[in-house]
Protein chains: 2
Amino acid sequence: MASALDFYFDFSSPYGYFASTRINEMAQKHNRRVDWHPFSGEAFKPSTSGTSLVQNPAKRTYIERDYIRSAKFHNIEFKIPSVFPLDTRYASRAVMWAESKYGEDKGIALAQAIFKAYYVEDKNIGDPKTIIDLGVSVGLKAEEVSEGMNNSFTKEQVRAEIDLATAKGVFGSPFVIFDGEPFWGFDRFDQLEAALKAKA
Amino acid sequence: MASALDFYFDFSSPYGYFASTRINEMAQKHNRRVDWHPFSGEAFKPSTSGTSLVQNPAKRTYIERDYIRSAKFHNIEFKIPSVFPLDTRYASRAVMWAESKYGEDKGIALAQAIFKAYYVEDKNIGDPKTIIDLGVSVGLKAEEVSEGMNNSFTKEQVRAEIDLATAKGVFGSPFVIFDGEPFWGFDRFDQLEAALKAKA
């Protein structure tokens, strides 16, 4: 069977959201599956450009403008959330728990619901109550989501996934690994698609 | 007359080189001129991602891979120079001097020769002798280039250009400003072209 694409993303990354609206469709076109790997922003911060945005107001201003222009260019519904960035630990854990318990498709459905809630409906996805409601919206039970995203097994799994991804060279969001080849950024989806075609 | 595109670049930036191979052709298609603004890497370092590449080996490895893959994807002749990055002050000054003395076209010709020497022929463009030779190759006199890139007026002009660009929000290479709209990165050339079309 053809290998899956590994899709790493941070819910606090608009470019990760943009990627999430396209990755499954693109992979499907080339008969590939996608494994979704959510990350909490906290885990990524030391190794990404987290500090440079704060240190550099010109860059910060530019990036916000780029989010809006890129969304429009690619025809993706988007607005900059009122609270941004925020703590995405609960979101990541809930998705990982849903994947473990109910399979990849359920995890993806929850991840897509979280992205939409944050970048289209401006909901506070840092609040665990929002995550529970979103779990219910994709057919999960409220108490189960609450327990799942708080249990120590899930926390351990999130940490292990981050260690594994770091070992694979993942350092930002979105990040895709396809047959060992890394692609960082939504703006490399053209090159990712070329690679998918070349190996079809 | 339609306004020109302002094109900011650092000779030490491969993405700046990629942009330099396309910008004039793209602008011409939409009846625009391009003003080329070279920068020395030293001037940019404090405000760009200069430090993060050093701090993060995974990112550094990725970026080198991305240079090669992106060049191939866009069909641009390229190899990673033996000495990289290097001091681009002489290159920047020589181009600015040539523009001031002989006009934009001569400056662009020299800049293109420098980019090619560095990223195709693997010449050490940090060495002022290389810059003088390249000046001669585009029809300038050796002594004149040598004097021009070392005189205090040129140095002052380079500093003033950097201050002006910083005030306009330029923080990386390549960077294009078109009618007040900023575009950072060769991977925003699709959006730049869309903007050129929209204002044709």
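Everything below is about the structure printed above this text.
Everything numeric here is computed off the predicted structure, so don't read it as measured data.

Caption draft 1: A look at the overall build of chain A. Along the backbone of chain A there are 11 helices and four strands. For chain A, the C-alpha radius of gyration of 16 Å lies close to 16 Å, the compact-globule estimate for 200 residues. Overall, the C-alpha framework of chain A stretches about 45 × 45 × 30 Å when taken along its three principal axes. Residue burial in chain A is summarised as follows: out of 200 residues, 54% are buried. For chain A, the proportion of contacts with a sequence separation of at least 24, taken over those separated by at least 6, is 73%. Only carbon and sulfur atoms are counted for the fraction: they give 52% of the accessible area of chain A, which is about 9,200 Å².

Caption draft 2: Quick peek at the relation of the copies chain B and chain A. The transform that puts chain B on chain A rotates by 180° and translates by 0.0 Å along the axis, for an RMSD of 0.0 Å. Here the symmetry operator amounts to a two-fold rotation axis. Closest approach to the rotation axis within chain B is made by the C-alpha atom of Asp 187 of chain B, at a distance of 3.2 Å. When the interface residues of chain B are mapped onto chain A, 100% of them are again interface residues, pointing to one common binding face.

Caption draft 3: Region of interest: the pattern of salt bridges. All names here are of chain A. Going through the model one piece at a time under the given rule, you end up with 27 salt bridges over all chains. Between Asp 66 and Arg 69 there is a salt bridge, and its shortest N-O distance comes to 3.5 Å. Here Asp 66 and its partner Arg 69 are both found in helix H5 (residues 57-73), three residues apart, which amounts to about one turn of the helix. Of the two residues examined, Asp 66 and Arg 69, each falls in the buried class.

Thresholds, definitions, all that
- The numbers attached to residues start from 1 for each chain and follow its sequence in the written order.
- Working convention: letters from A go to chains and numbers from 1 go to ligands, in the order in which they are written.
- Only residues with pLDDT of at least 70 are given local features in this predicted model, and only at 80 or more are side-chain atom pairs given and counted; all residues enter the totals for whole chains, interfaces and linings.
- For side-chain calculations, the full set of non-hydrogen atoms in the structure is used, while hydrogens and water are omitted.
- Secondary structure elements follow DSSP: runs of H or I no shorter than four residues count as helices, runs of E no shorter than two count as strands, and numbering proceeds from the N terminus.
- Our radius of gyration is a C-alpha quantity, and the globule rule it is checked against amounts to 2.2 Å times the number of residues to the power 0.38.
- For every residue, the accessible area (1.4 Å probe, protein chains only) is compared with the maximum for its type, and the residue is labelled buried under 20%, exposed over 50%, or partly exposed between those bounds.
- Contacts were defined at the residue level, with two residues in contact if any of their heavy atoms lie within 4.5 Å.
- To be clear on the numbers: accessible area is Shrake-Rupley with a 1.4 Å probe, and residue cover counts the displayed protein chains and nothing else.
- For this overlay, a least-squares fit was computed on C-alpha atoms, restricted to residues scoring pLDDT of at least 70 in both copies.
- Definition used for salt bridges: Asp or Glu carboxyl oxygen within 4 Å of a side-chain nitrogen of Lys or Arg.

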